[in-house]
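One letter stands for each residue in the lines below.
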Amino acid sequence: MSSKPVILCVDDEKIVLDSLLEQLENNFSHLFSFEMAESAKEALEIIEDCANQNKDIAIIISDQLMPGMKGDEFIIKAHKTVPDAFKILLTGESSIEAISNVINHAQLYRYISKPWEKTDFLLTIDEAAKSYMQKAELKEYNTLLKNLNLASQEISRQVNLSGLIEKFLQLVVDSSNAQKGILFTKKHEKLWYRADYIRRDKKVNLYDFTQNYIIETDDTAPFSIIQSCYQSKNTLLYPAGDNKLFDNNPYIQKNKIKSFIAIPLIKQNKVLSVLYLEHAQNKHCFTPKILEALDLLVSQASISLDNVQLYNNLEKRVRERTKEVVAQKEIIENQNRDILASIRYARRIQENILPSEEQIEKVFSQYCIFYEPKDILSGDFYWFSVRYHYVFLAIADCTGHGVPGAFMSVIGHTLLSQIVNQEDIYEPAQILENLHKKLSKFLGQSESNVENSIRDGMDVAILRYDLLNKKVEFSGAKRPLILISKNELHEVKGSRYSVGGEVNVDNPNYEQHTLQVQSGDRVYIFSDGYADQFNAQDKKRYSHKQFKEFLLQCNNMKMQDIKEALLNEWFKWRGDTEQTDDILIIGIEIP
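I will try to describe carefully the structure that is included in this document. (Residues numbered from 1 in each chain as written. Predicted model: local features only at pLDDT ≥ 70, side-chain atom pairs only at ≥ 80, totals over all residues. Heavy atoms only, no water.)

### Points about the overall build of the protein chain
Rules: Secondary structure elements follow DSSP: runs of H or I of four or more residues count as helices, runs of E of two or more count as strands, with numbering from the N terminus. Accessible area is worked out with a 1.4 Å probe on protein chains only. A residue is then buried under 20% of its type maximum, exposed over 50%, and partly exposed in between. Residue contacts are defined here by distance: any two heavy atoms, one from each residue, within 4.5 Å place the two residues in contact. To measure how exposed things are, a 1.4 Å probe is used in the Shrake-Rupley method; for residues, cover is taken only from the protein chains shown.
Broken down by element type, the protein chain carries 14 helices and 22 strands. Buried residues in the protein chain amount to 46% of all 591 residues. Restricting the contact set of the protein chain to residue pairs at least 6 apart, pairs at least 24 apart contribute 67%. Accessible surface, the protein chain as shown: approximately 31000 Å² in total, 48% of it carbon and sulfur.

### Looking at the nonpolar core
Note the following rule: The term nonpolar core refers to a set of buried residues drawn from Ala, Val, Leu, Ile, Met, Phe, Trp, Tyr and Cys, joined through side-chain atoms within 4.5 Å.
Core analysis: the biggest nonpolar cluster contains 55 residues, and Tyr-382, Met-458, Leu-463, Leu-481, Val-499 and Ile-525 have the highest contact counts within it. It is strand E14 (residues 390-398) that provides the largest number of residues to this core, a total of eight residues. Beyond its immediate stretch of four places on either side in the chain, Leu-463 contacts Val-391, Phe-392, Leu-393, Val-472, Glu-473, Phe-474, Leu-481, Val-523 and Ile-525.

### Considering the packing of aromatic side chains
For the record, the criterion: Two rings from Phe, Tyr or Trp (for Trp, the six-membered ring) form a pair when their centres sit within 6.5 Å of each other. Planes less than 30 degrees apart are called stacked, planes more than 60 degrees apart edge-to-face, and all others tilted.
Counted by the stated rule, this structure contains 22 aromatic pairs. Pairing Trp-383 with Phe-392 gives two aromatic rings, centres 6.4 Å apart and planes at 50 degrees, and the pair type is tilted. Under the relative-accessibility criterion, Phe-392 is labelled buried at 0%. Measuring from centroid to centroid gives 5.2 Å for Trp-570 and Phe-571, while their planes differ by 50 degrees, and the two rings are tilted.

### A word on the environment of Gln-553
Of note, Gln-553 is situated in helix H13 (residues 544-553). Residue classification places Gln-553 among the exposed positions, given a relative accessible area of 60%. Considered as a pair, Gln-553 and Asn-487 are 66 residues apart in the sequence and their alpha carbons are 9.0 Å apart.

### Here's the deal with the packing of helix H11 (residues 402-422) against helix H12 (residues 428-442)
The cut-off we apply is this: Inter-axis angles, ranging from 0 to 180 degrees, are taken between N-to-C directions of lines fitted to C-alpha atoms, where helices are fitted over the stretch in contact. To sort the angles, those under 35 degrees are grouped as roughly parallel, those over 145 as roughly antiparallel, those from 65 to 115 as roughly perpendicular, and the leftovers as oblique. The sense of a crossing depends on the near helix, which, turned anticlockwise from the far helix by less than a right angle, makes the crossing left-handed and, turned clockwise, makes it right-handed. Residue polarity follows a fixed list, in which Ala, Val, Leu, Ile, Met, Phe, Trp, Tyr, Cys and Pro are nonpolar, Asp, Glu, Lys and Arg are charged, and the others, Gly among them, are polar.
Remark: H11 packs on H12, axes separated minimally by 10 Å, with the N-to-C direction vectors making an angle of 130 degrees. Viewed along their axes, H11 and H12 adopt a mutual orientation that is oblique. Where H11 crosses over H12, the handedness of that crossing is right-handed. Contacts between H11 and H12 involve Met-408, Ile-411, Gly-412, Leu-415, Leu-416, Gln-418, Ile-419 and Val-420 on the former and, on the latter, Ile-431, Asn-434, Leu-435, Lys-438, Leu-439 and Phe-442. In terms of residue class, the contact of H11 with H12 is built from 10 nonpolar, three polar and one charged.

### Focus on the side chain of Ser-527
Heads up, the rule is: Pairs of N or O atoms within 3.5 Å make up the polar contacts considered here, provided that, within protein, one atom can donate a hydrogen while the other can accept it, and that residues adjacent in sequence are counted only when both atoms are side-chain atoms.
By secondary structure assignment, the location of Ser-527 is in the loop between strand E21 (522-526) and H13. A relative accessible area of 3% places Ser-527 in the buried class. In terms of polar contacts, Ser-527 uses its side chain to reach the side chain of Asp-380, at 2.8 Å. The contacts of Ser-527, once residues within four sequence positions are left out, are Asp-380, Ile-395, Asp-397, Arg-479, Asp-582, Ile-583 and Leu-584.

### What about a negative patch on the surface?
For clarity, the threshold we go by: Patch definition: residues with relative accessible area over 30% and no salt bridge; like charges joined within 9 Å; nonpolar side chains (Val, Leu, Ile, Met, Phe, Trp, Tyr) joined within 5 Å. Here a salt bridge means any side-chain nitrogen of Lys or Arg lying within 4 Å of a carboxyl oxygen belonging to Asp or Glu. All tallies of charge rest on Lys and Arg as positive and Asp and Glu as negative; His and the ends of each chain are not included. Working definition for charges: the position is that of NZ of Lys, CZ of Arg, CG of Asp or CD of Glu.
Together, Glu-38, Glu-42, Glu-45, Glu-48 and Asp-49 line one region of the surface with negative charge. As for its position among the elements, Glu-48 is in helix H2 (residues 40-52).

### What about the packing of H2 against helix H3 (residues 71-81)?
Contact geometry for H2 and H3: axes closest at 11 Å, N-to-C directions at 10 degrees. Taken together, the axes of H2 and H3 are roughly parallel relative to one another. Every residue of H3 that contacts H2 at Ala-40, Ala-43, Leu-44 and Ile-47 is listed here: Phe-74, Lys-77, Ala-78 and Thr-81. Looking at the contact of H2 with H3, its residues break down into six nonpolar, one polar and one charged.

### Considerations on unusual backbone geometry
Of note, the amide linkage connecting Lys-114 to Pro-115 takes the cis form, showing an omega dihedral of -15 degrees. By the secondary structure assignment, Pro-115 is in the loop between strand E5 (108-113) and helix H5 (118-157). For the bond running from Tyr-238 to Pro-239, omega is -5 degrees, close enough to zero to count as cis. If you trace the backbone, Pro-239 turns up in the loop between strand E9 (236-238) and helix H8 (250-255).

### Concerning the environment of Trp-116
Tracing the sequence through the fold places Trp-116 in the loop between E5 and H5. Considering only alpha carbons, one finds Trp-116 and Leu-90, 26 residues apart in sequence, at a separation of 8.1 Å. In contact with Trp-116, other than residues within four places in its own chain, are Val-16, Ser-19, Leu-20, Gln-23, Leu-90 and Phe-121. Polar side-chain contacts of Trp-116 include one of 3.3 Å to the side chain of Gln-23.

### Some remarks on the pattern of salt bridges
The final tally for this structure, using the stated rule, is 19 salt bridges. The salt bridge involving Lys-548 is made with Glu-491; its shortest N-O contact spans 2.8 Å. With Lys-548 in helix H13 and Glu-491 in strand E18 (residues 488-492), this pair connects stretches of sequence that are 57 residues apart. Given the relative accessible area of 24%, Glu-491 is considered partly exposed. Put simply, Arg-522 and Glu-589 hold a salt bridge, and the shortest N to O gap is 3.0 Å. Placement of the pair is Arg-522 in strand E21 and Glu-589 in strand E22 (residues 583-589), with a sequence separation of 67 residues.

### Here we look at the sheet that holds strand E3 (residues 57-62)
Rule in force here: Think of it this way: DSSP has to see at least two bridges between two strands before they count as a pair.
Taken in spatial order, the five strands line up as E2-E1-E3-E4-E5 in an open sheet, and their pairing is parallel. Of all strands in the sheet, those with a lone pairing partner are strand E2 (33-37) and E5, marking the two edges. Each strand of the sheet is rotated relative to its neighbour by a mean of 20 degrees, with strand direction disregarded. Sheet topology places strand E4 (residues 86-91) next to E5; five bridges connect them, and they run parallel. Note that in E5 the partner of Lys-87 across the bridge is Leu-108. Running at roughly 170 degrees to E4, H3 makes contact with strand E1 (6-10), E3, E4 and E5 of the sheet.

By themselves, these figures tell us nothing about what the structure is for.
Now the structure itself:
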């Protein structure tokens with residue numbers, strides 16, 4: 001309570017008021033201040049003034065028979081404004097009805113008859129005063145607990161050390177009614193003056209460790225008190241009964257401190273900081289209730305302080321780790337740029353190995369090439385050669401895609417050129433047989449070397465077109481050929497063996513098929529990437545059957561337009577689904 005509570009006396013006879021005032025001042029002036037009113041109207045004005053000045057009305061003593069407004073009516077009105085005040089009706093003439101009225105509507109504490117007996121009157125006031133003080137103290141303590149709960153929540157939310165210190169120091173000083181608070185921290189085996197808060201100034205001052213606020217004397221701060229608190233891990237309270245230990249402390253004498261408390265902030269038996277609070281005028285600043293409140297706040301602050309330190313240490317480690325990760329990221333990004341640059345250069349080499357469309361166009365004016373690698377490099381490739389009156393065209397789908405597939409495509413392209421252009425082997429089935437043997441040998445694929453051999457291979461479709469006789473010879477290693485003649489689709493399946501990859505197959509049997517063709521017929525060879533593409537709706541494959549039906553639908557188009565039709569159909573089917581595999585489709589129209 002900031003000022004003494006008030007006892008209000010109301011009587012229309014001044015001699016009665018003077019008598020009341022004399023008895024009250026002689027016995028209760030150390031606890032209360034007093035207001036006198038000669039009418040109910042004046043008393044109500046005094047109640048209003050007290051409310052405006054934040055003064056509490058503790059006890060109302062009123063006469064019953066007064067001009068203008070009777071005592072019971074006044075007390076009922078006053079009760080609406082000051083319901084916690086103890087009301088006493090003091091009168092010589094009063095009806096049972098008036099007393100009942102004020103009991104029922106204003107919680108009348110007691111009725112005393114005039115003339116009153118002094119001892120009985122003073123005893124009544126003493127009991128009312130004790131009850132009021134207990135009630136006021138309980139109310140004040142409940143308010144303090146409520147504020148402490150909110151304060152603890154505010155402290156627990158702090159993750160910044162400076163913010164935590166500011167909030168904590170301000171809360172403990174304000175809650176304890178101390179004039180000043182100081183927080184000391186132990187670091188590098190020395191006590192540091194970390195922060196202070198003077199209640200009058202309403203400002204927390206923070207001091208950085210770099211400012212050398214090391215406390216080793218009692219000149220500017222109570223060093224010996226803090227040191228004792230830190231070493232003993234005990235709370236020090238002054239004054240404390242007959243204990244005169246700190247009476248001669250230089251800081252206490254110089255600043256005329258009447259009361260102080262030093263509290264260690266402990267977590268896991270380790271003192272994190274020491275809190276010091278002082279008051280220069282009030283010897284009774286730190287009451288038992290205040291000490292309870294401080295204990296709650298200090299306990300919460302100890303936990304929060306430890307958490308903030310852990311958080312800051314973690315944050316520091318995160319920053320250091322982030323710095324390392326960023327540095328590693330830069331290294332990886334540089335490496336990725338170098339790798340991507342190398343892969344893009346490898347793609348240029350791969351594209352230069354592939355036959356140019358100009359070569360194909362010299363033989364087949366109507367043709368279609370749909371080539372869509374899954375990655376930068378492709379595991380699908382096509383090969384073209386003209387030997388005398390024979391035109392050779394092949395597609396291959398190598399094991400894997402990307403870099404491994406690209407390596408296989410270069411090997412396959414080189415071996416095909418060697419077999420046909422250097423060794424003059426022209427039969428498609430024999431070409432596949434020789435390709436199988438050379439690739440198996442190149443990759444170390446044999447039954448005697450199963451563990452160390454590379455199990456890669458390729459599916460190949462190769463055709464030879466005889467310019468003189470309009471005849472197509474075809475052989476396939478797991479890849480088919482499609483012939484569309486007179487709007488009818490015919491499929492020629494390949495053999496069940498791949499080229500390479502099978503360590504237990506030395507001489508696979510690749511069948512060779514002869515197709516008599518005529519001008520306008522269309523022939524397609526292709527990898528399985530288009531038919532294996534998943535869609536976005538239900539993750540279904542496009543399917544080989546659907547692919548054949550679409551080629552037949554496109555048969556009336558020019559060959560150059562079929563590529564765009566295939567691309568549109570593929571995008572429509574695929575949607576936003578990732579590409580499944582490399583795609584290669586080559587179609588030619590017999591001239």
